[in-house]
Amino acid sequence: MPKVKKIPQRQCVGCREMKEKKTLIRVVKSPEGEVSLDEKGRKPGRGAYVCPNVECLRKARKSRALERAFEAQIPPEVYDAMERQLGGGQ
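All values reported here derive from a predicted model rather than from experimental measurement. (Residues numbered from 1 in each chain as written. Predicted model: local features only at pLDDT ≥ 70, side-chain atom pairs only at ≥ 80, totals over all residues. Heavy atoms only, no water.)

Visitor: So what's going on with the nonpolar core? Residues and values would help.
Guide: Val27, Val50, Leu66, Phe70 and Met82 are the most contacted members of the largest nonpolar core, which totals 22 residues. Among the secondary structure elements, those contributing two or more residues to this core are strand S3 (25–29), strand S4 (35–38), strand S5 (46–50), helix H1 (54–63), helix H2 (65–70) and helix H3 (76–86). Here this core gets four residues from one element, more than from any other, and that element is H1. (Core = buried A, V, L, I, M, F, W, Y, C linked by side-chain atoms within 4.5 Å. Buried < 20%, exposed > 50% of the residue type's maximum accessible area, 1.4 Å probe, protein only. Helix = DSSP H or I, 4+ residues; strand = E, 2+ residues; numbered from the N terminus.)

Written out as structure tokens, the structure is:
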């Protein structure tokens, strides 16, 4: 009987839906306290996941989900930079 490979699931902090880890983008808070998008999922630090669309990032911003996940204040400039990086520039 073939072994079934388990697919890692993560919850988007914006829409709160469980999705495959590889379809989500990791937002990471580095040990130095810098918050940024982690496209490859390999940067060191505390991570949270968001869907690769701007609306989920905006929902996470409105509900302060990333601030709760990282237990730190996130400046508006960081959110704006992440929105531009996702393609929803203002």
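Visitor: Can you break down the side chain of Glu67 residue by residue, with the values?
Guide: Here Glu67 shows up in helix H2. A distance of 3.5 Å separates a polar side-chain atom of Glu67 from the backbone nitrogen of Ile74. Not counting chain neighbours up to four residues away, the residues in contact with Glu67 comprise Ala72, Gln73, Ile74 and Tyr79. (Polar contact = N/O pair within 3.5 Å; in protein donor to acceptor, adjacent residues only side chain to side chain. Contact = heavy atoms within 4.5 Å.)

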